[in-house]
Amino acid sequence: MTDHFPPQNATRGSLACVGLGMTLGSHLTPLARSHIERADVVFAALAHGAAEMWLQRMHPDVRSLQPYYGEGKSRQKTYREWVDLMMAEVRAGKRVCGVFYGHPGIFAWSPRNAIERARAEGYAAHMEPGISAEDCLYADLGIDPGRFGCQHFEASQLLFYERRLEPTGYLVLWQVALVGDWSLTRFETGPAYRQVLVDVLSADYPLDHEIIVYRAATLPIERPRVRRLRLGELPDITLTGEDTVVLPPAAPLKPNLAVRQRLQSLDKASAFA
Ligand SMILES: C[S@@+](CC[C@H](N)C(=O)[O-])C[C@H]1O[C@@H](n2cnc3c(N)ncnc32)[C@H](O)[C@@H]1O
């Protein structure tokens, strides 16, 4: 427990990275709120200015991490700066809370890295989960990852590396808007890059396979946006940095007859034992 809640009178710094969830006002857990309220200083990397204003009502010292992004600046540099900013306050003996939209451990480099760094330097550090885009996707699209299985990939990884896709399960692709960006400086790539992605996917999926472009609601007045289109149309649509792409299964599950037979033999053997 001490790892989660350093004592109130601690003079030694500590770090908690918490998730705010996706939808403003309704996804924050009581535990995450408690980390925010008890912090000396709060850093915020949120998807929406309104979410930042909401956070400011919970704490008098909320410092936005958004200004560290820059046109033509590597996101990796920005994320390292975020870690440095949080760690400087931890080392100064402050109780620091980093607030990230969604889940702070899902497709998010800085919270994990800051926690590792803090622990390596002997400070208490904790990650508090939040409701991620993935959680919203399962609810809004009615997908149960347990039914057919579900692979998740950062879209560029499918282009930079040889990965094995499993088209009898779901495939969820993150950060498709900036697919193929080696430089980590761009916030979108575009149709020609998405065409490369489609070409790679077409080894396992027909071009007329129906896919889903999904965006969870981030404001309470919004509805989730669900667009259904053919895989071959993906390069032609407008895509935002918030869109996640889902490929439903393209083939039925294939029974593994050899393993089934082996299990039947085991069943028989245990029945006679
Ligand atoms: C850097 S990741 C951050 C994910 C976040 N930590 C989470 O827990 O959901 C950014 C990617 O998350 C997905 N994403 C972000 N906002 C979204 C939204 N409102 N709806 C659906 N997916 C979203 C997109 O794939 C986007 O490219």
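All values reported here derive from a predicted model rather than from experimental measurement.

### A word on the domain arrangement of the chain
Working step 1: In terms of domain boundaries, the chain breaks down into domain 1 (14-131) and domain 2 (134-247).
Working step 2: The gap between the C-alpha centroids of domain 1 and domain 2 is 26 Å.
Working step 3: In this complex, domain 1 contributes 16 residues to the contact, which on the side of domain 2 involves 13 residues.

### A few points about the nonpolar core
Working step 1: By size, the foremost hydrophobic cluster in this structure holds 66 residues, and its most contacted members are Leu 15, Val 42, Ala 44 and Val 99.
Working step 2: When residues of this core are assigned to their parent elements, the largest contribution, 5 residues, is made by helix 3 (residues 75-91).
Working step 3: Viewed by domain, this core spans two of them, domain 1 (14-131) and domain 2 (134-247), each represented by three or more residues.
Working step 4: Excluding its chain neighbours within four sequence positions, the residues that come into contact with Leu 15 are Met 86, Val 90, Val 96, Gly 98, Ala 114, Ile 115, Ala 118, Tyr 123 and Ala 125.

### With respect to the sheet that holds strand 7 (residues 170-174)
Working step 1: Taken in spatial order, the 5 strands line up as 6-7-10-8-9 in an open sheet, and their pairing is mixed. Looking at strand neighbours, the two that pair on one side only are strand 6 (150-154) and strand 9 (225-230), the edges of this open sheet. Averaged over all adjacent pairs, the angle separating strand axes in this sheet is 20°, with direction ignored.
Working step 2: In the sheet, strand 6 pairs with strand 7 via 5 bridges, with the strands oriented parallel. If you follow Gln 151 over to strand 7, its bridge partner there is Leu 171.

### Here's the deal with the sheet that holds strand 1 (residues 14-19)
Working step 1: Taking strand neighbours across the sheet as the criterion, the 5 strands line up as 3-2-4-1-5 in an open arrangement whose pairing is parallel. Taken across any chain shown, the strands that pair with only one partner, and hence form the sheet edges, are strand 3 (62-64) and strand 5 (124-128). With strand direction ignored, the average angle separating the axes of adjacent strands in the sheet is 20°.
Working step 2: One ladder, built from 5 bridges, connects strand 1 with strand 5; its direction is parallel. Paired with Val 18 across the strands is Glu 128, a residue of strand 5.
Working step 3: Where helix 2 (residues 49-56) meets the sheet, it contacts strand 2 (41-45), strand 3 and strand 4 (95-100), and its direction lies at approximately 160° from that of strand 3.

Rules of the game
- Residues numbered from 1 in each chain as written.
- Predicted model: local features only at pLDDT ≥ 70, side-chain atom pairs only at ≥ 80, totals over all residues.
- Domains from an automatic or database assignment.
- Contact = placed C-beta atoms within 7 Å.
- Core = buried A, V, L, I, M, F, W, Y, C linked by C-beta atoms within 7 Å.
- Buried ≥ 20, exposed ≤ 12 C-beta atoms within 10 Å, placed from the backbone.
- Helix = DSSP H or I, 4+ residues; strand = E, 2+ residues; numbered from the N terminus.
- Pairing = 2+ DSSP bridges.
- Axes fitted to C-alpha atoms, helices over the stretch in contact; angles between N-to-C directions.

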